[in-house]
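One-letter residues, chain by chain:
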Amino acid sequence: MKKTYKKKLYLAVASSIMAMSFAGYAFAASTTEDDTDSMEFTLDSMVVTASRIPTKITDAKADISVITRKDIEQMHISSVEEALRTVPGVQFLNYGGNGGMNANMSGLRINGSKEIVVLVDGVRVNEFQGSDSGYFYAALTNNMDNVERVEVLRGSAGTLYGSGAKGGVINIITRKVNETKTSIDVSSGNFSTREYKLNTMGRQGKLGYNVYYDDKHSGDFKDGSGVEWKSDIDSTSAGLKLNYDITDNHKLTLSYDKTKAEFSGYDYIYHNNYSGHHDSYSLTFKDDITLSDKWSNSFTYRRSSTEGEYAQNNHSLFNADLSYTYDFISDQVTYLTNRHNVVFGVDYAAGKDDDAKEFTAHSGKYEHFKMKNTSYYIQDDWEIIPHVTLSGGLRHDRPSNSGQTGANIETHTSKSYKLSWDVTKKDNIYAGRSGFFILPSIYQITNKQYGNASLKPAFGRTSTIGYSRSFDDYNIFTFNWFETKTERGIGLTAAGYVNTKGLSRGWNAQFMTQLGEHWNANLGWSHLYQYEDEDTYSMGYSPKNLATFAVYYDYAKVKAGLDGYYFVRRVNDDYPDGWPVDNYAIFNMSASYAPTKNISIYAKANNIFDKMYSERTHVIYASGKPGDWYSMPGRSFVLGMQVNF
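Every value quoted in this text rests on a predicted model; they were computed, and no experiment measured them.

## Points about the overall build of the chain
Turning to step 1, where the next piece is worked out: Along the chain, the regular secondary structure elements total 6 helices and 37 strands.
Turning to step 2, where the next piece is worked out: Going through the 645 residues of the chain one by one, you find that 55% of them count as buried.
Turning to step 3, where the next piece is worked out: If you take every contact in the chain between residues at least 6 apart in sequence, the share linking residues at least 24 apart comes to 63%.
Turning to step 4, where the next piece is worked out: Accessible surface for the chain amounts to roughly 27600 Å². Of this, 56% is attributable to carbon and sulfur atoms.

## A short note on the sheet that holds strand β8 (residues 147-154)
Turning to step 1, where the next piece is worked out: Spatially, β3-β8-β9-β6-β7 is the arrangement adopted by the 5 strands of the open sheet, whose pairing is mixed. Each having just a single partner strand, β3 (64-67) and β7 (123-124) make up the two edges of the open sheet.
Turning to step 2, where the next piece is worked out: Two strands pair when backbone bridges link them, and strand β6 (residues 116-120) and strand β9 (residues 168-174) are joined in this way by 5 bridges, in the parallel orientation. Residue Leu 119 lies in a different strand from β9, and its bridge partner there is Asn 171.

## Describing the environment of Gly 97
Turning to step 1, where the next piece is worked out: Within the element layout of this structure, Gly 97 appears in the loop between β4 (90-91) and α4 (99-102).
Turning to step 2, where the next piece is worked out: When the C-alpha positions of Gly 97 and Met 632 are compared, they lie 5.5 Å apart, and in sequence the two are 535 residues distant.

## Side note on the nonpolar core
Turning to step 1, where the next piece is worked out: Judged by nonpolar contacts, the single largest core of 23 residues is most densely connected at Ile 67, Ile 77, Leu 84, Val 90, Leu 108, Val 152 and Ile 170.
Turning to step 2, where the next piece is worked out: For this core, the secondary structure elements donating two or more residues are α3 (80-84), β6, β8, β9 and β31 (543-555).
Turning to step 3, where the next piece is worked out: With 15 residues, the next largest nonpolar core counts Ala 62, Val 66, Leu 119 and Val 169 among its residues.

## Some remarks on the confidence of the model for the chain
Turning to step 1, where the next piece is worked out: Averaged over every residue, the pLDDT of the chain is 84; residues scoring 70 or more account for 86%.
Turning to step 2, where the next piece is worked out: Mean pLDDT across the elements of the chain bottoms out in helix α1 (residues 2-30) (37) and peaks in strand β33 (residues 583-596) (96).
Turning to step 3, where the next piece is worked out: For the stretch residues 1-42, pLDDT sits under 50, and the model shows 52 contacts to residues farther than four places along the chain or on other chains.
Turning to step 4, where the next piece is worked out: Low pLDDT (under 50) marks residues 100-105, which in the prediction has 28 contacts with non-local residues, meaning those over four places away or in another chain.

## Concerning the environment of Ser 113
Turning to step 1, where the next piece is worked out: Structurally, Ser 113 is set in the loop between β5 (109-110) and β6.
Turning to step 2, where the next piece is worked out: According to the relative accessible area criterion, Ser 113 is buried, its value standing at 5%.
Turning to step 3, where the next piece is worked out: Along the chain, Ser 113 and Ser 156 lie 43 residues apart, while their C-alpha atoms are 10.0 Å from each other.
Turning to step 4, where the next piece is worked out: Once residues lying within four places of it in the same chain are set aside, the contact partners of Ser 113 are Leu 108, Lys 166 and Gly 167.
Turning to step 5, where the next piece is worked out: A distance of 2.7 Å separates a polar atom in the side chain of Ser 113 from a polar atom in the side chain of Glu 115.

## Re a nonpolar patch on the surface
Turning to step 1, where the next piece is worked out: A cluster of nonpolar side chains, namely Ile 184, Val 186, Tyr 196, Leu 198, Tyr 213 and Phe 645, defines an oily patch on the protein surface of about 550 Å² accessible area.
Turning to step 2, where the next piece is worked out: As for its position among the elements, Tyr 196 is in strand β11 (residues 193-204).
Turning to step 3, where the next piece is worked out: For Tyr 196, a relative accessible area of 40% puts it in the partly exposed group.

## Brief notes about the pairing of strand β30 (residues 519-532)
For a regular strand, side chains alternate in direction, first toward one face of the sheet and then toward the other.
Turning to step 1, where the next piece is worked out: In the sheet, strand β29 (residues 496-515) pairs with β30 via 14 bridges, with the strands oriented antiparallel. Within β30, the residue paired with Thr 513 across the bridge is Ala 521.
Turning to step 2, where the next piece is worked out: Between β29 and β30, which pair antiparallel and follow one another directly, the connecting turn spans 3 residues, one of which, Gly 516, has a positive phi of 75°.
Turning to step 3, where the next piece is worked out: By the bridge criterion, 9 bridges tie β30 to β31 in an arrangement that is antiparallel. Counterpart to Ser 526 in the pairing with β31 is Leu 546.

## A short note on unusual backbone geometry
Turning to step 1, where the next piece is worked out: In the Ramachandran plot, Asp 121 falls in the positive-phi region, its phi being about 55° despite a non-glycine side chain.
Turning to step 2, where the next piece is worked out: When its relative accessible area of 25% is taken as the criterion, Asp 121 is described as partly exposed.
Turning to step 3, where the next piece is worked out: Phi is positive for Glu 534, which is not a glycine, with a value near 60°.
Turning to step 4, where the next piece is worked out: Assignment of secondary structure puts Glu 534 in the loop between β30 and β31.
Turning to step 5, where the next piece is worked out: Under the relative-accessibility criterion, Glu 534 is labelled partly exposed at 43%.

## Brief notes about the pairing of strand β18 (residues 295-312)
Turning to step 1, where the next piece is worked out: Here 17 bridges tie strand β17 (residues 272-290) to β18, and the two strands are oriented antiparallel to one another. Residue pairing in the sheet places Gly 276 in a bridge with Tyr 310 of β18.
Turning to step 2, where the next piece is worked out: The turn joining β17 and β18, which pair antiparallel and follow one another in sequence, is formed by 4 residues.

## Examining the packing of aromatic side chains
Turning to step 1, where the next piece is worked out: Under the defined criterion, the tally for this structure stands at 20 aromatic pairs.
Turning to step 2, where the next piece is worked out: Look at Trp 229 and Tyr 630: their rings are 6.3 Å apart centre to centre, the planes differ by 40°, and that puts the pair in the tilted class. Here Tyr 630 lies in strand β36 (residues 629-631) and Trp 229 lies in strand β14 (residues 228-229), a separation of 401 residues in the sequence.
Turning to step 3, where the next piece is worked out: Trp 229 sits in the buried class, given a relative accessible area of 5%.
Turning to step 4, where the next piece is worked out: Between Tyr 443 and Tyr 497, the aromatic rings sit 6.3 Å apart at their centres with planes inclined by 85°, giving edge-to-face as the arrangement. A residue pair is termed long-range when its members are at least 10 positions apart, and Tyr 443 in helix α6 (residues 442-446) and Tyr 497 in strand β29 qualify at 54 residues.
Turning to step 5, where the next piece is worked out: A connected cluster of aromatic rings, assembled from ring pairs, spans Tyr 95, Phe 191, Phe 221, Trp 229, Tyr 266, Tyr 268 and Tyr 630.
Turning to step 6, where the next piece is worked out: For the cation-ring pair, Arg 109 lies above Tyr 537, with the distance from its terminal atom to the ring centre recorded as 3.9 Å.
Turning to step 7, where the next piece is worked out: One Lys or Arg, Lys 418, reaches over the ring of Tyr 430 and ends 5.6 Å from the middle of that ring.

## Re the pattern of salt bridges
Turning to step 1, where the next piece is worked out: According to the stated counting rule, one finds 31 salt bridges in the structure shown.
Turning to step 2, where the next piece is worked out: Lys 114 is the partner of Asp 535 in a salt bridge, and the nearest nitrogen-oxygen pair spans 3.6 Å. Within this pair, whereas Asp 535 is found in the loop between β30 and β31, its partner Lys 114 is found in the loop between β5 and β6, the two being separated by 421 residues in sequence. The pair Asp 535 / Lys 114 is uniform in exposure class, with both members buried.
Turning to step 3, where the next piece is worked out: For the salt bridge of Glu 115 with Lys 166, the shortest nitrogen-to-oxygen distance reads 3.7 Å. Taken together, the positions of Glu 115 in the loop between β5 and β6 and Lys 166 in the loop between α5 (158-161) and β9 put the pair 51 residues apart, joining distant regions of the chain. Each of the two residues, Glu 115 as well as Lys 166, counts as buried.
Turning to step 4, where the next piece is worked out: Overlapping salt bridges bring together Arg 69, Glu 73 and Lys 559 as one network.

## Points about the side chain of Asn 572
Turning to step 1, where the next piece is worked out: Relative to the elements of secondary structure, Asn 572 occurs in the loop between β32 (558-569) and β33.
Turning to step 2, where the next piece is worked out: Relative accessible area serves as the criterion here: at 17%, Asn 572 is assigned to the buried category.
Turning to step 3, where the next piece is worked out: Engagement of the side chain of Asn 572 in a polar contact is seen with the backbone nitrogen of Asp 574, the distance being 2.8 Å.

Cut-offs used in this document
- Per chain, the residues get numbers from 1 upward, laid out in the order the sequence is written.
- Predicted model: local features are reported for residues with pLDDT of at least 70 only, side-chain atom pairs are reported and counted for 80 or more only, and whole-chain, interface and lining totals are derived from all residues.
- No hydrogens and no water enter the side-chain calculation; it runs on all heavy atoms of the structure.
- Think of it this way: any DSSP run of H or I at least four residues long counts as a helix, any run of E at least two long counts as a strand, and we number them from the N terminus.
- With a 1.4 Å probe rolled over the protein chains alone, any residue whose accessible area is under 20% of its type maximum counts as buried; one over 50% counts as exposed, and the rest are partly exposed.
- In this analysis, two residues are considered to be in contact whenever any of their non-hydrogen atoms come within 4.5 Å of each other.
- Each accessible area is a Shrake-Rupley estimate made with a 1.4 Å probe; only the visible protein chains count as cover when residues are assessed.
- In this description, strands pair whenever DSSP reports at least two bridges between them.
- Residues belong to one nonpolar core when they are buried, are Ala, Val, Leu, Ile, Met, Phe, Trp, Tyr or Cys, and are joined through side-chain atoms within 4.5 Å.
- Every residue gets a pLDDT, meaning the predictor's confidence in that residue, from 0 to 100.
- Any pair of N or O atoms that falls within 3.5 Å is considered a polar contact. Within protein, one atom must be able to donate a hydrogen and the other to accept it, and sequence-neighbouring residues count only if both atoms are side-chain atoms.
- Here, patches come from residues exposed beyond 30% relative accessible area and free of salt bridges, joined within 9 Å for like charges and within 5 Å for nonpolar side chains (Val, Leu, Ile, Met, Phe, Trp, Tyr).
- Note on definitions: salt bridges are taken to be side-chain nitrogens of Lys or Arg within 4 Å of carboxyl oxygens of Asp or Glu.
- Centre distance within 6.5 Å is the pairing criterion for rings of Phe, Tyr and Trp, where only the six-membered ring of Trp is used; planes under 30 degrees apart are then read as stacked, over 60 as edge-to-face, and the remainder as tilted.
- Only lysine NZ and arginine CZ atoms are considered, and such an atom sits over a ring when it is within 6 Å of the ring centre and within 35 degrees of the ring normal.

Put into structure tokens, the structure is as follows:
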């Protein structure tokens, strides 16, 4: 009975997708030009992450990609992870479909580095995460109805964004409150998947509001070989954002975001049941004021808290109970002239371990470990002669801790510089170098099993050469070569965290095009070599080449999209049987039909060719054997409906 139901579900979804695709041509033939909503061209959209100043992506002179609001709607993207999987140079290392083991996002790397900075509206959400900043939790990663776009800056950005910005920066931009609208989205699929989403926004005079809520569940899943994995995940996220315009040039924003996840399942590698939960919240206040056509100031305060527990039966190695509270204060001043774009300011961060611990230096006394860091930064983009710009920046970090462990964390000054040249109106090139500085996390210093009180911050630099060409208003090509040298890194051994060294080198290329009025596409290709002491990434986890693609269609009442990636593993000869497959392609498809202006019916198919693959393996460890890997989910389908009013 269960198999018959699933077959019927698959046939129904496949039929819906085919019907929606063919319907596009039928409506195209019967719809007049006045009834057609032409696609908004987004290849030259504004970005802010590269320089903290709104800039066209073609003028950013940086290795940057953007997932736009239209992209999100075309593929009915339900999480930031789904969006990032089609971005060149970005890789995830998930523990299969076990959401409990992955939490919200797991093992994210940019340019081979797990040290990244994650921002929401330009404000950090993963402070004091050390070399593990690629593992983060954010309430806004689940409900994409609240997201306007996602910007990905590849390469070191330590001068502007501080500790952790080694591999790059991800900036999640939330939607502006510029209309009154309510959206309800309900979907369901196989693997016991169901999701309910609510997003409502509006404006009353100077006051604007945005409220969102998301409830998601998923259960047991099958991988591409038909093996069933036990898993149960329940997660909710909710938030409120208020905007108040004191004047046209002075705006206040207050937002509150909260997420909660509970999970359980079975780990087939260690043959144990696991369970746990994760809760987090953040409260953010922003004050943005434009003082003149040259001067502006942005002040931000954010308090966030994360609390979680993970445990496996009869296996203390995987038992963890963590609880941290963070405060972040930032004040940024911007000065703009015809030849200078100057950004300078101060960032202050404080973190506290909410669980009191006994430290060696204070035996018998339980205390809350604390870390602080104050950073001063300045960067200037100076057009020294027409079409030639010299960029230079400095950031000085002054970290400290409460001293319970005896750890001595040094100060550091990061430097960056870049020279760019607009060779023609269509071509520009740039070359530069940027430093990074990574503070060890509270966990890496204090954890009873792996902590190292003498652990020192990581630092190094990234050299880069880039080229971009705008063939016309509808076709853009970018290329970036990079080399990152980690003069002192942070790695994990069986004995605990240690300082290391490493190197990563490669390039990213992307081509963005709009094919006529109703089609657009993004193509990317990344090449990578990476090695770092005490890091298993080079043991087959890293891609030698990673191709990404996305093609979208939008006409009349029909939207459709096809996206995915092709992974070519850099095989480690010591582990020839470490993975189920070394090269694989993943295809995802989405289609929607809007019978009325306010209703949209959609269908999604993920991993449509039911490919068996894995992003995590246990084969590389002493007790591992072929087959000991965490399989990713096989083919899955989702049907949903969105109503707007």
